[in-house]
Structure formats: C-alpha cells, structure tokens
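Okay, here's what each chain looks like letter by letter:
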Amino acid sequence: MKLLITGGAGFIGSHVVRRFVLNYPQYLIYNLDNLTYAGNLENIRDIEDAANYKFIKGDIADEAFIRNLFQENQFDAIIHLAAESHVDRSITNPLEFVKTNVLGTANLLNASRMLWRDGNDENNKHRFYHISTDEVYGSLGSTGHFTETTPYDPRSPYSASKASSDHLVRAYYHTFKLPVVISNCSNNYGAYQFPEKLIPLMIHNIKNNKPLPVYGKGENVRDWLWVNDHAAAIDTIFHKGVIGETYNIGGNNEWKNIDLVMYLCRLMDQKLNREPGTSAKLITFVKDRAGHDLRYAIDSSKLKRELNWEPSITFETGLELTVDWYLNNQEWLDEVTSGNYLKYYQNQYMNR
Ligand code: NAD
Ligand code: DAU
C-alpha cells in the first residue's frame, strides 16, 4: 500500500503519520506538506528515518505538481488533512483558505480520479479519505447535537471552505465513483498544536504570566477530543469505513470557554506551584471573534455503533497529559513562538 497523507507536518497530521508509520510497517507512507507556518518537521522528528516513510514538500494548490506527483508515485490511497485551519486567520485572509482548502482538495480529487480511472483495484485498496470538521454544520443553540445528516450551514470563511471541499468530495463519489469516505471531527487538543489555538495559547500565556484573551464573555461552547483519539478514529475509518459514508467524531465533552480556561488556570497553578487563583487573574475579556459560532456538539454514535470507536481517555486525563507535554517541551514552544523554526525550514527546503 502506497499511502499518501497530506498535512502530516501539522498538528493532527503529525499524530496520524506517526501512528501509521509505526503501526503499519508494510505500508509506504508519503507525507506531503507545504510547510506553511503551521507545518513543522519537529512534530515528526522521531519517525523521519523510518524505512517506510518519505517526506515530500509541495503545495496541494499547484495542479501540475499534484498531477505529476500522482503519476510518478501511483498512490493507492490518500488521507487528506492539509488545510488552512485557523478560523481567525480565515477572517483576515479568506482567499488563502479558498486556495488551499477548496482548490487544493479539488486537485487531489482530480489527480486520484485520473490515476484510478482504469478501475483496476483488485485488492480494494483505493480510498480517498477526507478529514473535515464539525464547523460545516454551523452553530447550535443551547441544545441538540450535530449528526451526519445535519444540513450544512458554514458561517466562517474557514468552515465555508471546508464545506466546499466536502461537497467536492461527495460530488466525485457520485459523478465519478471515486471511493471516498469523510469524517467530521470536533475540536482537538494535545501535543504539537500550534499555540494560536485556544488550549496551547492559554498554556503558553499562563506559563509566561501573559494576559489570557477570552473572546466576548467566554460563553461559547466547544466539544473537545484528545488528538490521539482522533488519530485512532482516523485509523479505524480508513480501514473499516464504508465507501461513500460520513462519520462524525467527537469527545462528548462540551466546555464553555471560560470554564475551560478557569480549569486550566487551576491545573497550571498546581503544576507551577503557584498560589491557587494566581493564574486566573490573567484572564482578560477581549473583543469577540466576528461571526463567532456559539456552540458545537457532535453526536458520534454512528462511529461507536458501526465501527466500535470511542475516546480512550477522559478530558481531565488528556488535558493533564497535554499540559505536561507543553511544560516538558519548552524548546519546541520557544522555536514556534519565536518563529525560528520557519527560518530553518525555509532555508533547508529552499529551491527543492
Ligand atoms: P494545522 O494547521 O495544524 O496543519 C495543517 C498542515 O497542512 C500544516 O502542516 C501545513 O503546512 C499543511 N498545509 C497547509 N496548506 C498546505 C498546502 N497548500 N499544501 C500542502 N500542505 C499544506 O491543522 P490541524 O489542526 O492539524 O488540522 C488538520 C485537518 O483536520 C484540517 O483539514 C482541519 O480542517 C481538520 N480538523 C481540525 C480540527 C482541529 O481541532 N484542529 C478539528 C476537526 C478537523
Ligand atoms: O470544531 C473543529 C474546529 O476547531 C477545527 O475545524 C478548527 O481547525 C480548529 O481551529 C477549531 O476551531 P475553533 O475556532 O473552535 O478553535 P480555537 O482554538 O481557535 O478557538 C476555540 C474557542 O476559543 C472558540 O470559541 C474561540 C475561543 N478563543 C480562541 C482563541 C484563540 C478565545 O476565546 N480566545 C482565543 O485567544
């Protein structure tokens, strides 16, 4: 199996690449990533010399590059994670999101279709697995959950670009019989998450006694899942998911932002031997995000019922592991927050 994973130098992608390289030595894993600000080869340093692993730097939005790459390497299957992923950045630069998330996905779909159109798939290996988000379903009120049949209602440029990519994936299934599968997951947290996202940003700022910017009144609700459990779900769906189907993935773990930040403050006070209540004094309510979705909550019962997946650990355990990881990996955090890692990788991969 020649398996292409896109976005494998990013947060979730790095966990997926590591899992597949270590658990499936019989597969050849190709990690295609353009090393944007969010891509960092330090995230997968531990497996870079594995015999079944190869890194490719490249842009999924570059049609000719993608077409040639597929012709040269004859991939059997794809797990597609590469994307612009931060909602706040999509508000300041929407077109970058359209380019990568919509055009980039279309290029991958088209190249797969060209490669697999002879229909010769005796071992039933071909699979285009698209990783998407619960944000495509829009925003919930105080009750209810997103199911796989909830109508799409994206409300940020990020979620609209992901919804567009989901529609394209389904269109290639219906029109060209491309063997696709999609999953839509809730908010992830864990090691190697870029510290622009809520949890690592708060950990970093608490550690450094910097203000903790809570948008609006902090009443928005997110449903948090440990990234390793998302990677396990992706493994399960890749191997057992039914072609043409969609699976929701979530932690059944809703938190109001302000409650989550308060919880983190208490945990960090303990870890840093601070007086209880010290870190909470850093909380600062700031201007709300434009169009801020109120609540996300995923119903992942289909995945449990049909493929027997469920989260392996509680949020409290996962959050403590995550805090410990950031406190023990100060060098990684310093390189990322200072921007040093960018200069290094741009030099290393320049002119390739
Ligand atoms: P991330 O921003 O940490 O990583 C994205 C990766 O994609 C980076 O390594 C980046 O270099 C790469 N990339 C970006 N543009 C590229 C391009 N044009 N060509 C090639 N590579 C490019 O993102 P993440 O949080 O790990 O999310 C991964 C996927 O999972 C995304 O598709 C996202 O929509 C989805 N998702 C994320 C979450 C979450 O909570 N983070 C939840 C549900 C779904
Ligand atoms: O639901 C899945 C999505 O979760 C993924 O598709 C996205 O890629 C991922 O970034 C995430 O989106 P969110 O916008 O929910 O995540 P973020 O960490 O940016 O924000 C989480 C919540 O915290 C949200 O309600 C906004 C709020 N927030 C965020 C930041 C960065 C703050 O209050 N202050 C902050 O500084």
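Above this note sits the structure.
Notes on the structure in this doc start here.

Analysis parameters
- Residues numbered from 1 in each chain as written.
- Chains lettered and ligands numbered in written order.
- Predicted model: local features only at pLDDT ≥ 70, side-chain atom pairs only at ≥ 80, totals over all residues.
- Heavy atoms only, no water.
- Helix = DSSP H or I, 4+ residues; strand = E, 2+ residues; numbered from the N terminus.
- Axes fitted to C-alpha atoms, helices over the stretch in contact; angles between N-to-C directions.
- Parallel < 35°, antiparallel > 145°, perpendicular 65-115°, else oblique.
- Contact = heavy atoms within 4.5 Å.
- Nonpolar A, V, L, I, M, F, W, Y, C, P; charged D, E, K, R; others polar.
- Core = buried A, V, L, I, M, F, W, Y, C linked by side-chain atoms within 4.5 Å.
- Buried < 20%, exposed > 50% of the residue type's maximum accessible area, 1.4 Å probe, protein only.
- Near = heavy atom within 4 Å.
- Polar contact = N/O pair within 3.5 Å; in protein donor to acceptor, adjacent residues only side chain to side chain.
- Areas by Shrake-Rupley, 256 points an atom, 1.4 Å probe, with all protein chains shown as cover.

**What about unusual backbone geometry?**
Trans is the common state for peptide bonds, and a negative phi is the common state for residues other than glycine.
Part 1 of the reasoning: Here the phi dihedral of Asn209 falls at roughly 55°; this positive angle occurs in a residue that is not glycine.
Part 2 of the reasoning: Looking at where Asn209 falls in the secondary structure, it is placed in the loop between α6 (198–207) and β8 (212–215).

**Comments concerning the packing of helix α10 (residues 315–328) against helix α11 (residues 330–338)**
Part 1 of the reasoning: Taken N-terminus to C-terminus, the directions of α10 and α11 make an angle of 75°; their axes are 5 Å apart at the nearest point. By the angle class used here, α10 and α11 are roughly perpendicular. Mapping the contact onto sequence places Trp325, Tyr326, Leu327 and Asn328 in α10 and Gln330, Trp332 and Leu333 in α11.
Part 2 of the reasoning: Residue composition of the contact of α10 with α11, grouped by class: 5 nonpolar, 2 polar and no charged.

**Focus on the nonpolar core**
Part 1 of the reasoning: The biggest cluster of nonpolar side chains holds 35 residues, and the ones touching the most others in it are Leu3, Ile5, Phe20, Ile79, Tyr129 and Ile249.
Part 2 of the reasoning: Ranked by residue count, the leading element in this core is helix α7 (residues 227–240), at 6 residues.
Part 3 of the reasoning: In contact with Ile5, not counting residues within four places along its chain, are Val16, Val17, Phe20, Ile29, Tyr30, Asn31, Leu32, Ile79 and Leu81.
Part 4 of the reasoning: Ranked by size, the runner-up nonpolar core spans 32 residues in total, among them Tyr192, Phe194, Met202 and Leu267.

**A short note on the site of ligand 2**
Part 1 of the reasoning: Close to ligand 2 lie 23 residues, the nearest being Thr133, Asp134, Tyr158, Arg289 and His292.
Part 2 of the reasoning: The separation between an oxygen atom of ligand 2 and a polar side-chain atom of Asp134 is 2.5 Å.
Part 3 of the reasoning: In this structure, an oxygen atom belonging to ligand 2 sits 2.9 Å away from a side-chain N or O atom of Glu135.
Part 4 of the reasoning: Here ligand 2, which alone exposes 690 Å², has 94% of that area covered by the protein.
Part 5 of the reasoning: Among the secondary structure elements, those contributing two or more residues to the shell around ligand 2 are α6 and β8.
Part 6 of the reasoning: For the shell around ligand 2, the element with the most residues is β8, which contributes 3 residues.
Part 7 of the reasoning: Residues of the shell around ligand 2, tallied by class, amount to 9 nonpolar, 8 polar and 6 charged.

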